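# Examining the three-dimensional arrangement
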Amino acid sequence: MKSLRSGLLAVGLLLPLALAATPRSADQWYAAGQTQLRAGQLQAAAAAFLQAATLNPSAANWRALADTRVRLDDFAGATQAYDRAIQGYRSRGDSVTARALETLAAPYRQDAALYVLNAASTPAPACRPTPAKFEPATGIYLGAYVDEQGIGRDGRLLVPQQLGTPLAVYFRYFTLKPGVGEVFPHRLAQAVKAAGGAMHIALEPGIPLRQVTEASVLPFARAAAASGVPIFLRFAGEFNDSANEWSRDPALYRARFRLVHDVMARTAPNVAMVWMMMPSRLEVLDSYYPGADAVDWVGLSLYSVPFQNGDRTQPGLRVNPLDVLDPIYRKYACTHPIQVSEYASAHRSGAAPGVDYTAFAAQKLRELYWGAALKYPRVKNINWLNIDMQTSAFVQPRAPQRRNDYSLPGVPAKVAAFRDLLGVQTFRTAFSTGTVHVPQPFPTRVQLREAVQGAVWLRTFEPPTRVTVTLDGRAVPVGAALPYRFTLPADLPPGRHTLTVTASGSGGKTLVSRVQTFDVQP
């Protein structure tokens, strides 16, 4: 108690002379902090809010401290305070506010970590899940959206030619509407089969969910089986979007998803069921979950856009896609492999016509794909939504300001970022389920059989202007973009070595750094 009183007195010295007395209660310290904020005295305000939180560790007091530390560019201190506030909201059952505060705090969580890309072994999993249908032992299937214009006159897929590489998965939307049109996307199936890939079909009910019966699903299932193509089937996806008809009755949704699963299990064993959500309204997910026995993969849609929902008052430039993925991954990855069913980053926005966001789009592509590879080992498939929504007839009803250009081919910086994935085994361009090299955290002990292919995971509040890697104090050549790849020679002498990575920002200030020691074994 004596140390607390001493601390209160010390902080009291920071308060303006206009205050009649040193505050005594948490509320008085909070009020003093607000006074200091209005006076522009940020250090004194932070000290006052810290005392308020010490006396009364409420979410509001920790939040006030966190917000003030942000203004002081003390991002490490800010995230610690935000975490205490988040914990406070969760402890009283307010998960919605807690999640909103997690989103607010995310850009300030700076980090640096070192990885090995060509590790000889695979890391031990945090949990030991049972492999799902079509799940590769390691690595990430690369996939992309293919519309009817994505198939040439000769019946071949155009995307591999445009990107200069085959892909493992190709996806398309398809409407279940018995008696109207074709029952299955046969032409796409033939093209995918010829390319040696797998299909990902977003099957959306074109009839009320109650009318989805075994009889209405069976023709699709028989055609799927006859295609001979491995199929990821995401039935009635984005169920937590209230705009979708199938979102209205969770119990009915669960029953119809299970019905579709049962029909496929009996008729089309080449189909894996994907339960796919939007990364919002996460509090309702449990009510829609059909059960582990009916779900093979868990999927989500995820986009990197300059403005959320086309609203210029909601900028998305600092949103890291991993922060959107993370809560879903943590909830389901021990039970199911994770499929990013749709991802894309926009280089043009209808909310800001004429503004070029190509650099943003390329950076976000790198953040998701490399971040998943380095940090989320059970993300096993990422599919790019290759659509220009500003011209596509498929999305014309959408308000113009909400239309983004997600095209990948034809945008050199995005294609370059995508092609940078191809030199690493982790990113699978062929559909097979064997084991490939996957990144591991840089070890503390190394036995050198070949040169070490290293990588740096970085996240900083502002883009780094310079990233350096040194080995025992000597500079190591490093890549210019995430994941900042570097190589250590195979002839490093035995003994202790030190790797240091430093990311610098404007004016040369250090944004984040990491020091790692390791021993080379003889």
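Residues numbered from 1 in each chain as written. Predicted model: local features only at pLDDT ≥ 70, side-chain atom pairs only at ≥ 80, totals over all residues. Heavy atoms only, no water.

Let us now look at the packing of aromatic side chains. All chains considered together, the criterion is met by 31 aromatic pairs. Ring geometry for Tyr343 against Trp384: centres 5.6 Å apart, planes inclined by 80°, an arrangement best described as edge-to-face. Separated by 41 residues along the polypeptide, Tyr343 in strand E8 (residues 338–345) and Trp384 in strand E10 (residues 379–384) bring together distant segments of the chain. Neither residue differs from the other here; Tyr343 and Trp384 are each classed as buried. The structure contains a cluster of three or more aromatic residues connected by ring pairs, namely Phe235, Phe239, Tyr253, Phe257, Trp275, Tyr288, Tyr289 and Tyr332. (Phe/Tyr/Trp six-rings, centres within 6.5 Å; stacked < 30°, edge-to-face > 60°. Helix = DSSP H or I, 4+ residues; strand = E, 2+ residues; numbered from the N terminus. Buried < 20%, exposed > 50% of the residue type's maximum accessible area, 1.4 Å probe, protein only.)

On to helix H5 (residues 75–91). Compared with the 24 Å implied by 1.5 Å per residue over 17 residues, the 24 Å span of H5 between its first and last C-alpha is a close match. When we look at burial in H5, the residues that qualify are Phe75, Gly77, Ala78, Thr79, Ala81, Tyr82, Ala85, Ile86, Gly88 and Tyr89. On its buried side, H5 packs onto helix H4 (59–71) and helix H6 (95–105). Gly93 sits one or two positions beyond H5 and adopts a positive phi of about 85°. (Expected span 1.5 Å × (residues − 1). Contact = heavy atoms within 4.5 Å.)

Counting 124 residues, the largest nonpolar core has Leu233, Met264, Trp275, Tyr369 and Leu488 as its most contacted members. A per-element tally of this core places helix H13 (residues 358–375) first, with eight residues. Here Met264 is in contact with Val217, Phe220, Ala221, Leu233, Pro269, Val271 and Met273, once residues within four sequence places are set aside. Core analysis: the next-biggest nonpolar cluster, separate from the first, contains 23 residues, Ala45, Ala78, Ala85 and Ile86 among them. (Core = buried A, V, L, I, M, F, W, Y, C linked by side-chain atoms within 4.5 Å.)

The next subject is the packing of helix H2 (residues 26–38) against helix H3 (residues 42–55). Between H2 and H3, whose axes approach to 8 Å, the crossing angle comes to 165°. One element, H2, and the other, H3, form an angle in the roughly antiparallel class. Where H2 crosses over H3, the handedness of that crossing is left-handed. Of H3, the residues touching H2 (which contributes Ala26, Trp29, Tyr30, Ala32, Gly33, Gln34, Gln36 and Leu37) are Leu42, Ala44, Ala45, Ala48, Phe49, Gln51, Ala52 and Leu55. (Axes fitted to C-alpha atoms, helices over the stretch in contact; angles between N-to-C directions. Parallel < 35°, antiparallel > 145°, perpendicular 65-115°, else oblique. Left-handed = near helix turned anticlockwise from the far one by under 90°.)

The next point concerns the side chain of Ser504. Assignment of secondary structure puts Ser504 in strand E19 (residues 495–504). The exposure class assigned to Ser504 is buried, which follows from its relative accessible area of 14%. Leaving out residues up to four positions away in the same chain, Ser504 has contacts with Pro464, Thr465, Arg466, Lys509, Thr510 and Leu511.

Quick look at the sheet that holds strand E1 (residues 111–116) now. Backbone-to-backbone hydrogen bonds join strands into a sheet, with any given pair of strands oriented parallel or antiparallel. Taken in spatial order, the four strands of this open sheet run E13-E1-E15-E18, and their pairing is antiparallel. Strand pairing shows two members of the sheet lacking a second neighbour, strand E13 (440–441) and strand E18 (486–488), which therefore form its edges. Pairing between E1 and E13: two bridges, direction antiparallel. In the sheet register, Tyr115 faces E13, and the bridge partner there is Pro441. Along the sheet, H13 makes contact with E1 and strand E15 (452–459), crossing E15 at roughly 115°. (Pairing = 2+ DSSP bridges.)

Most of strand E7 (residues 297–304) is tucked away: seven of the eight residues are buried. Examined bridge by bridge, strand E6 (residues 271–277) and E7 share four bridges and lie parallel to one another. By the bridge assignment for E7, Met277 is matched with Leu300. Pairing of E7 with E8 involves seven bridges; the strand directions are parallel. Along E8, the bridge assignment pairs Ser301 with Glu342. In this region the chain leaves E7, passes through helix H12 (residues 321–332) and returns to the parallel neighbour E8; the handedness of that crossover is right-handed. (Right-handed = clockwise from strand over helix to strand, strands pointing away.)

What follows concerns the state of the cysteines. Evaluation of the coordinates by the stated rule reveals one disulfide. Residue pairing for Cys127: its cysteine sulfur links by disulfide to Cys334, the two sulfurs lying 2.1 Å apart. Given an S-S torsion of about -110°, the disulfide between Cys127 and Cys334 has left-handed geometry. In this pair, Cys127 is assigned in the loop between E1 and strand E2 (140–145) and Cys334 in the loop between H12 and E8, connecting sequence segments 207 residues apart. (Disulfide = S-S within 2.5 Å.)

Let us now look at the pattern of salt bridges. Tallied over the entire structure, the rule returns 24 salt bridges. One salt bridge in this structure joins Glu148 and Arg172, with 3.5 Å as the shortest N-O distance. Linking Glu148 in the loop between E2 and helix H7 (159–163) with Arg172 in strand E3 (residues 169–176), this pair joins segments that are 24 residues apart in sequence. Looking at Glu148, the relative accessible area reads 38%, which means it is partly exposed. (Salt bridge = Lys/Arg side-chain N within 4 Å of Asp/Glu carboxyl O.)

Packing of helix H9 (residues 214–227) against helix H10 (residues 250–267) brings their axes to within 9 Å, and their N-to-C directions diverge by 40°. In terms of orientation, H9 lies oblique with respect to H10. The chirality of how H9 crosses H10 is right-handed. Side by side, H9 and H10 meet where Glu214, Val217, Leu218, Phe220, Ala221, Arg222 and Ala225 of the first sit next to Leu259, Val260, Val263, Met264, Arg266 and Thr267 of the second. A per-class count over the contact of H9 with H10 returns nine nonpolar, one polar and three charged. (Nonpolar A, V, L, I, M, F, W, Y, C, P; charged D, E, K, R; others polar.)

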